[in-house]
Amino acid sequence: MKKTAKVTSSARPARIIARPARTEGGTWLVKQEPAAYSWNDFVQEGGTVWTGVRNFQARKNLADMAVGDEVFFYHSVVGKCIVGLARVRKAAYPDPTANEGNWICVDLEPVREFARPVSLEDIKAQTSLQDFPLVRQSRLSVMPVSPSQFREILKLAEE
DNA sequence: GCCAACGTTGGC
DNA sequence: GCCAACGTTGGC
């Protein structure tokens, strides 16, 4: 699923899928081909509406995001690395680019670019990250990141 | 360029 | 409901 250009949504506040209360902030990873929409595009726009997700598993993950959750930004195909950290600015609402179906989007904003991007190779080389969805389910475009995975990747980004 | 993994579609 | 065919994604 390819994210298209930034869309100014006629935002409706209602979420489609209920989300259980959570005590600590969630952490996630979103994937994007830089040729279609890069980290630099994201930074230049000061954030974006994360539209275009058309996969049920990815949709569930979008629905589970809460405002303030931290999100790794991964460049797929070209780069194949996590290039920076983003944050959920607005929780899930109907995707304005979807003509049919209950597809949703979230608003994301940049937090910081990693001095040292974390490549897929780096991740695969870590025995502690063998269960990371990026390794196990390469096609999933929006995935959860566990607290230990999150810490591990941040550590790699700061080496 | 190839192929594995995964998702969707449609015939039966 | 099963499964073959086909399309897409994304790593290699």
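Residues numbered from 1 in each chain as written. Chains lettered and ligands numbered in written order. Predicted model: local features only at pLDDT ≥ 70, side-chain atom pairs only at ≥ 80, totals over all residues. Heavy atoms only, no water.

Visitor: Just checking my understanding: could you explain the overall build of chain A for this structure?
Guide: Helix and strand content of chain A: five helices and six strands. Per-residue burial for chain A yields a buried fraction of 48% across its 159 residues. On chain A, roughly 8200 Å² of surface is accessible, and the fraction owed to carbon and sulfur atoms is 49%. (Helix = DSSP H or I, 4+ residues; strand = E, 2+ residues; numbered from the N terminus. Buried < 20%, exposed > 50% of the residue type's maximum accessible area, 1.4 Å probe, protein only. Areas by Shrake-Rupley, 256 points an atom, 1.4 Å probe, with all protein chains shown as cover.)

Visitor: Can you walk me through the nonpolar core in this structure?
Guide: Nonpolar side chains tend toward joint burial in soluble globular proteins. Judged by nonpolar contacts, the single largest core of 42 residues is most densely connected at Leu 29, Phe 72 and Ile 82. Looking at this core, the element that brings in the most residues is strand S4 (residues 81-94), giving seven residues. (Core = buried A, V, L, I, M, F, W, Y, C linked by side-chain atoms within 4.5 Å.)

Visitor: In this structure, what is going on with the environment of Lys 31? I would like to understand it.
Guide: Along the polypeptide, Lys 31 turns up in strand S1 (residues 27-32). Separated by 46 residues in the primary sequence, Lys 31 and Val 77 have C-alpha atoms spaced 9.8 Å apart. The residues contacting Lys 31, other than those within four sequence positions of it, are Trp 50, Tyr 74, Ser 76, Leu 134, Ser 138, Arg 139, Leu 140, Ser 141 and Met 143. At a separation of 2.2 Å, a polar atom in the side chain of Lys 31 contacts the main-chain carbonyl oxygen of Ser 138. (Contact = heavy atoms within 4.5 Å. Polar contact = N/O pair within 3.5 Å; in protein donor to acceptor, adjacent residues only side chain to side chain.)

Visitor: Explanation requested: the sheet that holds strand S5 (residues 104-119) in the structure shown.
Guide: Across a sheet, paired strands are connected by hydrogen bonds in the backbone, their directions being either parallel or antiparallel. In spatial order, the strands read S2-S5-S4-S3-S1-S6; together these six strands make up an open sheet with mixed pairing. Edge strands, defined here as strands with exactly one partner in the open sheet, are strand S2 (48-50) and strand S6 (142-144). Averaged over all neighbouring strand pairs, the angle between strand axes comes to 40°, with direction disregarded. In this structure, S1 lies alongside strand S3 (residues 70-75), joined through six bridges in parallel fashion. Bridge pairing in S3 links Trp 28 to Val 71. (Pairing = 2+ DSSP bridges. Axes fitted to C-alpha atoms, helices over the stretch in contact; angles between N-to-C directions.)

Visitor: Can you help me understand the pairing of S4 in this one?
Guide: Regular strands place their side chains on alternate faces of the sheet. Burial analysis of S4 places 11 of its 14 residues in the buried class, which makes it a mostly covered element. Here S3 hands over to S4 after five residues, with Val 77 in that stretch at a positive phi of 65°. Here 10 bridges tie S4 to S5, and the two strands are oriented antiparallel to one another. The residue bridging Lys 90 from the neighbouring strand is Asp 107, located in S5.

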